[in-house]
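What follows is each chain in one-letter form.
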Amino acid sequence: MGKGGKAIVAKSLMSGSSSEMMTNTPKKFTWEEVKKHVTPEDAWVVHSNKVYDVSDWYEHPGGAVIFTHAGDNITDIFAAFHAQGSQAMMKRFYIGELIPESVTHKDQRQLDFEKGYRDLRAKLVMLGMFKSNKLFYVYKVMFNLGMWATALAMVYFS
């Protein structure tokens, strides 16, 4: 694991601001502050208005692709590529909260689109559309074996 959330803890310990850690009050960040952390060595991402420090996390299961979203909101892209339980793994990278009012680069049209997308995804999850059926995969394997056997028979009997 890379620095992740440990980076902020180490900085706080070195600066002697342990009172901030004792109060369990999450640190607040503006969108401008998050946008400054865009390199793999200093990468912050936002998920559901929570800020995460994923700096130097080259062990990310998806590889260095995580750094392409450094300094950005990963809420929707995270939902698209991760299972439901994956959010629990993010706790170790948590460093604070985003001040939602500081996000000024999105107009109402963009916010409405994001809300619509998230509502649609939630409905699809509730309907079970993202749950796989093992019988489907049995069918696919059997179908492919049948196609392979047909191809072999055609070659043999031609």
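Residues numbered from 1 in each chain as written. Predicted model: local features only at pLDDT ≥ 70, side-chain atom pairs only at ≥ 80, totals over all residues. Heavy atoms only, no water.

### Considerations on the layout of surface pockets
Then comes step 1: Approximately 460 Å³ is the volume found for the largest pocket.
Then comes step 2: Lining the largest pocket are 20 residues, with Ala79, His82, Gln84, Arg121 and Val125 positioned closest to its centre.
Then comes step 3: Looking at the lining of the largest pocket residue by residue, the class counts come to 9 nonpolar, 7 polar and 4 charged.
Then comes step 4: Its boundaries defined by the atoms lining it, the second largest pocket holds a volume of some 390 Å³.
Then comes step 5: Taken together, 20 residues make up the lining of the second largest pocket; nearest its centre are Trp57, His60, Ile66, Phe78 and His82.
Then comes step 6: Of the residues forming the lining of the second largest pocket, the biggest block, 3 residues, is contributed by helix 4 (residues 75-81).
Then comes step 7: Residue classes in the lining of the second largest pocket are distributed as 14 nonpolar, 5 polar and 1 charged. (1 Å grid on protein atoms, 1.4 Å probe; cavity = no way out; pocket = protein on both sides within 12 Å on 5 of 7 lines; lining within 4 Å. Points joined across faces, edges and corners; volume = space filled by probe spheres on them. Nonpolar A, V, L, I, M, F, W, Y, C, P; charged D, E, K, R; others polar. Helix = DSSP H or I, 4+ residues; strand = E, 2+ residues; numbered from the N terminus.)

### Some thoughts on the pattern of salt bridges
Then comes step 1: The final tally for this structure, using the stated rule, is 6 salt bridges.
Then comes step 2: Each member of the salt-bridge network shares a partner with another, and the members are Asp76, Glu114 and Arg118. (Salt bridge = Lys/Arg side-chain N within 4 Å of Asp/Glu carboxyl O.)

### Quick word on the environment of Gly96
Then comes step 1: Looking at where Gly96 falls in the secondary structure, it is placed in strand 6 (residues 94-98).
Then comes step 2: Separated by 68 residues in the primary sequence, Gly96 and Lys28 place their C-alpha atoms 5.7 Å from one another.
Then comes step 3: Look past the residues within four positions of Gly96 in its chain and what remains in contact with it is Pro26, Lys27, Phe29, Lys50 and Val51. (Contact = heavy atoms within 4.5 Å.)

### Brief notes about a nonpolar patch on the surface
Then comes step 1: A grouping of Leu135, Val138, Val141, Met142, Leu145, Trp148 and Leu152 is seen on the molecular surface, where their side chains present a nonpolar patch of about 760 Å² in accessible area.
Then comes step 2: Take Val141: it is sitting in helix 6 (residues 134-157).
Then comes step 3: By relative accessible area, which is 48% here, Val141 ends up partly exposed. (Patch = residues over 30% accessible without salt bridge, like charges linked within 9 Å, V, L, I, M, F, W, Y side chains within 5 Å. Areas by Shrake-Rupley, 256 points an atom, 1.4 Å probe, with all protein chains shown as cover. Buried < 20%, exposed > 50% of the residue type's maximum accessible area, 1.4 Å probe, protein only.)

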